[in-house]
Amino acid sequence: MTQAPRITQPVHVPGPSGPWDEVATAMDRCGSAVVFTTWGEWLSAVVTEPRLRLLLGRDWPRYRRTADPLVRHRFAAARLVLKYTAAAALGTDAAGLDLAYKIGGRPHLRGIRQVDVALSHTDELIVVGISRGGRIGVDAEPLTRTLTYDVMRERMCTPAERAALNGLDGPARTAALLRLWTLKEAYTKALGQGLRLDFTEFGFPAGAEGEFTAHDGAGLLAPDGSPAAPDTWSLGTYRTMERYLVAVARYATGPAAVPGGADRPVADERSMSLVAQLLPRHTDAAGPHQPRSGAA
């Protein structure tokens, strides 16, 4: 029996006009949606939107005190994309949503405990994820980013991943390493732990693309390559705009989409913290790897 999808192909939304119907459809079908765009595509909305102060809400003071126009506009564009995405998914007005931040900078929608949101950016790309009934994490990297295998294999790869990567050469190994890196970032962001977790203590299939889960014999893996947490994590990697790789990790123990599912609480901070405590944390103060893409 084929499992219903829990995540979908990311949707390109080049501006406030959408296409938001694709986001609503993804939410109805899977209980989650992922949107990508560039801050340049949303620049005109930032500089011409008469409701900008209302839309930014509690982010308005930070926007106003940011001196660099480039940084200020990118910041505002990312928040607009997140709010418009959430509004489309929930069938409401973006200005009526209250975006706040947890310790560590993870965004959340105040007063809407059942829905989880995620935000990532790299270069000009902005990626937003939203999930009903389960935590979600997203990460993005340029396809041109090169991770050095000799350096990274001991810092981020499980024994099973190293064995798989050792069988690849050149561009194939570089591409697989980048997929693993973005997946691990997305997964730990969904847990709310980021780089605090030891990346060598959990793994993924080295060659998987698109959506995959433990139901497929893939998904989240233990260090030895055996399935871990079956049917709870859905993951995927997607190429966007021909120059970026986007990874999505979604935790959902229930069906992909349930009528009235918005009334079900999302996996709470305590339960996700307990999951995270099962994984060793990094102790290397200098950090285990190269600079990461932004999450806020």
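Notes on the structure follow.

About the cut-offs
Residues numbered from 1 in each chain as written. Predicted model: local features only at pLDDT ≥ 70, side-chain atom pairs only at ≥ 80, totals over all residues. Heavy atoms only, no water. Salt bridge = Lys/Arg side-chain N within 4 Å of Asp/Glu carboxyl O. Helix = DSSP H or I, 4+ residues; strand = E, 2+ residues; numbered from the N terminus. Buried < 20%, exposed > 50% of the residue type's maximum accessible area, 1.4 Å probe, protein only. Phe/Tyr/Trp six-rings, centres within 6.5 Å; stacked < 30°, edge-to-face > 60°. Lys NZ or Arg CZ within 6 Å of the ring centre and 35° of its normal.

### Looking at the pattern of salt bridges
So, step 1. This structure, assessed with the given rule, holds 11 salt bridges.
So, step 2. Put simply, R79 and D59 hold a salt bridge, and the shortest N to O gap is 3.9 Å. Here D59 lies in the loop between α3 (52-56) and α4 (60-65) and R79 lies in helix α5 (residues 69-90), a separation of 20 residues in the sequence.
So, step 3. Since its relative accessible area comes to 4%, D59 is described here as buried.
So, step 4. With a shortest N-O distance of 3.1 Å, R110 and D98 are connected by a salt bridge. Within this pair, whereas R110 is found in the loop between β4 (107-109) and β5 (115-122), its partner D98 is found in the loop between α5 and β3 (99-101), the two being separated by 12 residues in sequence.

### Observations regarding the packing of aromatic side chains
So, step 1. In the structure shown here, the tally under the stated rule is 11 aromatic pairs.
So, step 2. Measuring from ring centre to ring centre gives 5.5 Å for W181 and F199, while their planes differ by 50 degrees; the resulting arrangement is tilted. In this pair, W181 is assigned in helix α8 (residues 170-191) and F199 in the loop between α8 and β8 (210-213), connecting sequence segments 18 residues apart. The pair W181 / F199 is uniform in exposure class, with both members buried.
So, step 3. Of the aromatic side chains, those joined through ring pairs into one cluster are W181, Y187, F199, F202, F204, W233 and Y251.
So, step 4. Residue placement shows R72 over the ring face of Y63; its charged tip is 5.9 Å from the ring centre.
So, step 5. The positively charged end of K184 is found above the aromatic ring belonging to F202, 5.2 Å away from the centroid.

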